Amino acid sequence: MNNRFTVITVSMLLVTATGSSAQVVMGLSGGGTYSDFSHPDTPSRWGFTGGLFAGMQTYRSLNLFEVSYTQKGGEGTRIDYIETGITAGGLARGANGSRARPYGGLTVAFPVKCDATDAPVNAFCNNTETEWGVPVGITLGKWKSTGGFVGIDVRYTIPITDAGLGVLNNSWMFQILIGRSK
């Protein structure tokens, strides 16, 4: 529990440290995950992800703190996580409010539920661990002059630690972002 509190507190402090020209950004995200296990490899499965984000936007960057409920796993096994992370990226501006944001960051996912259909795999659920990962992705969106925005986000999370018993959890995330900057 202390690790979770520390990660969330440090993340919030990093995101709120800003210069005077930054705008606060906040919003909702939701979409799907496509994931599988490696070592041993498993067939992929679809899941759900949804959450909240907040951060700071400057003229050329957008840095976010994110908290989401995310489903990952492989065929026959689903692990649900509360996932927190910090992403930092550039912000390229286009015509008529269009913007692109390539980014990278660091995430930590705390397992909250695990379901396995095969009896030997049930032992896996009793050994799930906190996962660390490096998300790499791109957001394409449309910003209105009033401050609202909508975007599409695609990311791959490179696993740093295993999901449990030496098994890595590879995951793609496809999300819709709706938010507001002030």
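Keep in mind that what you see is a predicted model, and the values were worked out from it rather than measured. (Residues numbered from 1 in each chain as written. Predicted model: local features only at pLDDT ≥ 70, side-chain atom pairs only at ≥ 80, totals over all residues. Heavy atoms only, no water.)

Relative to the elements of secondary structure, Ser-181 occurs in strand E9 (residues 168-181). It is 9.3 Å that separates the C-alpha atoms of Ser-181 and Gly-55, two residues lying 126 residues apart in sequence. Apart from the residues within four sequence positions on either side, Ser-181 is in contact with Gln-23, Val-24, Val-25, Gln-57, Gly-147 and Phe-149. (Helix = DSSP H or I, 4+ residues; strand = E, 2+ residues; numbered from the N terminus. Contact = heavy atoms within 4.5 Å.)

The next thing to look at is the side chain of Glu-131. By secondary structure assignment, the location of Glu-131 is in strand E7 (residues 131-143). Ignoring sequence-local partners within four residues, the contact set of Glu-131 consists of Lys-72, Tyr-81, Thr-107, Val-108, Ala-109, Thr-161, Asp-162, Ala-163 and Asn-169.

Moving on, we get to the state of the cysteines. Tallied over the full model, the rule gives 1 disulfide. Here Cys-114 engages in a disulfide with Cys-125; their sulfurs sit 2.0 Å apart. Taking the sign of the S-S torsion, about -65 degrees here, the bridge from Cys-114 to Cys-125 comes out left-handed. One end of the pair, Cys-114, is in strand E6 (residues 98-116); the other, Cys-125, is in helix H2 (residues 119-125), and 11 residues separate them in sequence. For the pair Cys-114 and Cys-125, a shared accessibility class is recorded, and that class is buried. (Disulfide = S-S within 2.5 Å. Buried < 20%, exposed > 50% of the residue type's maximum accessible area, 1.4 Å probe, protein only.)

A few words now on the confidence of the model for the protein. In this model, the protein carries a mean pLDDT of 88, and residues with pLDDT of at least 70 account for 86%. Confidence drops under a pLDDT of 50 for residues 15-19, and excluding neighbours within four residues, the segment shows 8 contacts in the predicted structure. (pLDDT = per-residue confidence, 0-100.)

Attention now moves to empty space enclosed by the protein. Under the criterion given, the structure shown has 3 cavities of 30 Å³ or more. In this structure, the largest cavity spans a volume of roughly 150 Å³. What lines the largest cavity is a set of 18 residues, and nearest its centre among them are Ser-29, Phe-53, Glu-66, Arg-155 and Gln-175. Of all the secondary structure elements, the ones that give two or more residues to the lining of the largest cavity are strand E2 (45-57), strand E3 (61-74), strand E4 (77-90), E6, strand E8 (148-159) and E9. (1 Å grid on protein atoms, 1.4 Å probe; cavity = no way out; pocket = protein on both sides within 12 Å on 5 of 7 lines; lining within 4 Å. Points joined across faces, edges and corners; volume = space filled by probe spheres on them.)

Attention now goes to the packing of aromatic side chains. Inspection of every chain in the model, using the stated rule, returns 7 aromatic pairs. Centre to centre, the rings of Phe-37 and Phe-124 are 5.4 Å apart; their planes meet at 65 degrees, and the pair counts as edge-to-face. Here the residue Phe-37 occupies a position in strand E1 (residues 23-38), and Phe-124 occupies one in helix H2, the gap between them amounting to 87 residues. Grouping residues by exposure puts Phe-37 and Phe-124 together as buried. With a centroid separation of 6.2 Å and an interplanar angle of 40 degrees, the aromatic rings of Phe-53 and Phe-149 are classed as tilted. (Phe/Tyr/Trp six-rings, centres within 6.5 Å; stacked < 30°, edge-to-face > 60°.)

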